[in-house]
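Working through the structure, step by step
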Amino acid sequence: RWGPPQEKARSRQEVVQAEVAAAAWLDEDALRVRARAKFLVRRGERSTFNIRLPGATPELTVTGANLASWTRQGDLIVITTTAPVKGAFEVRLEWRQPFGAAGASIQLPEPQGVSALTGWLTLGGSAEVLLTPSADARLRTTAISSLPEHARAIGDVAPAAAWTGRGALNVKALQLE
């Protein structure tokens, strides 16, 4: 098929879609967050994936099949695979962040260089502590029942509230008597 050179080059570029499911819950004096990022390389192949995760996460771990290495470069997590990916690739991220009287902000990991991104974030409850969230404008409240099963089952605590989109969730705690 004939077309301008720029159009031909664009048609050969890779097409990558991503979805991220994350869960957060209170674990003693910290918020524990577990996320799963799934990439689907629909056209082309890729051996490096980038995920933006702002904020200090000193206890961050990244695991997954076909994962050769990962590095942190500021707010960017750079993931290298053992072999180029055609099709699906998945990594799990887990971290703890301090949770004091001022609360904490949970940032949904955001894959970079993708053509489409879907994200879900759940917040787990506790019988002793009521977590009070406020989301930024890019996150929308959603029904827990509307989440895919893998997004509901990612945390150690059953979700009490859920959001979809991209962005951050600010969380404070109210001690229940």
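Residues numbered from 1 in each chain as written. Predicted model: local features only at pLDDT ≥ 70, side-chain atom pairs only at ≥ 80, totals over all residues. Heavy atoms only, no water.

1. Things to note about the overall build of the protein
A tally of regular secondary structure across the protein gives 2 helices and 12 strands. In sequence order, the protein lays out its α and β elements as α-β-β-β-β-β-β-β-β-β-β-α-β-β. At a minimum sequence separation of 6, the contacts of the protein that also span at least 24 residues come to 74%. Taken as a whole, the protein presents about 9,400 Å² of accessible surface, with 51% of it coming from carbon and sulfur. (Helix = DSSP H or I, 4+ residues; strand = E, 2+ residues; numbered from the N terminus. Contact = heavy atoms within 4.5 Å. Areas by Shrake-Rupley, 256 points an atom, 1.4 Å probe, with all protein chains shown as cover.)

2. A word on the side chain of Arg 36
Relative to the helices and strands, Arg 36 resides in strand β2 (residues 30-52). Owing to a relative accessible area of 11%, Arg 36 belongs among the buried residues under this scheme. When neighbours within four sequence positions are excluded, Arg 36 is seen to be in contact with Glu 19, Val 20, Ala 21, Glu 90, Val 91, Arg 92, His 150, Ala 151 and Ile 154. (Buried < 20%, exposed > 50% of the residue type's maximum accessible area, 1.4 Å probe, protein only.)

3. Re the nonpolar core
Residues Ile 79, Leu 93 and Ile 106 are the most contacted members of the largest nonpolar core, which totals 37 residues. Listing elements by their share of this core, those giving two or more residues are β1 (15-27), β2, β5 (76-98), β6 (104-107), β8 (116-124), β9 (129-135) and β12 (168-175). Here the element with the most residues in this core is β2; it accounts for 8 residues. The residues contacting Ile 79, other than those within four sequence positions of it, are Ser 47, Thr 48, Phe 49, Ile 51, Val 62, Leu 67, Ser 69, Trp 70, Phe 89 and Val 91. Counting residues in each nonpolar core, the second largest holds 8 residues, with Ala 23, Trp 120, Ala 151 and Ala 162 among its members. (Core = buried A, V, L, I, M, F, W, Y, C linked by side-chain atoms within 4.5 Å.)

4. As for the packing of aromatic side chains
Scanning the entire structure with this criterion turns up 3 aromatic pairs. Centre to centre, the rings of Phe 39 and Phe 49 are 4.6 Å apart; their planes meet at 45°, and the pair counts as tilted. Judged by its relative accessible area of 0%, Phe 49 is buried. What links up through ring pairs into an aromatic cluster is the set Phe 39, Phe 49 and Phe 89. (Phe/Tyr/Trp six-rings, centres within 6.5 Å; stacked < 30°, edge-to-face > 60°.)

5. Things to note about empty space enclosed by the protein
Evaluation of the coordinates by the stated rule reveals 2 cavities of 30 Å³ or more. Roughly 40 Å³ of volume is contained in the largest cavity. Taken together, Ala 23, Ala 24, Trp 25, Thr 122, Leu 123, Gly 124, Arg 152, Gly 155, Val 157 and Pro 159 make up the full set of residues lining the largest cavity. At the level of secondary structure, the elements contributing two or more residues to the lining of the largest cavity comprise β1 and β8. When its volume is computed, the second largest cavity comes out at roughly 30 Å³. What lines the second largest cavity is simply Val 20, Leu 108, Pro 109, Glu 110, Leu 117, Thr 118, Gly 119, Gly 165 and Arg 166. (1 Å grid on protein atoms, 1.4 Å probe; cavity = no way out; pocket = protein on both sides within 12 Å on 5 of 7 lines; lining within 4 Å. Points joined across faces, edges and corners; volume = space filled by probe spheres on them.)

6. So, the side chain of Thr 81
Considering the arrangement of structural elements, one finds Thr 81 in strand β5. Among the polar contacts listed, one links the side chain of Thr 81 to the backbone oxygen of Ala 83, at a separation of 2.8 Å. Apart from the residues lying within four places of it in its own chain, the contact partners of Thr 81 are Arg 46, Ser 47, Phe 49, Asn 66, Ala 68 and Phe 89. (Polar contact = N/O pair within 3.5 Å; in protein donor to acceptor, adjacent residues only side chain to side chain.)

7. A few points about the environment of Glu 45
Following the sequence through the fold, Glu 45 ends up in strand β2. In this structure, the C-alpha to C-alpha distance between Glu 45 and Val 85, residues 40 residues apart in sequence, is 5.2 Å. Excluding its chain neighbours within four sequence positions, the residues that come into contact with Glu 45 are Glu 14, Pro 84, Val 85 and Lys 86.

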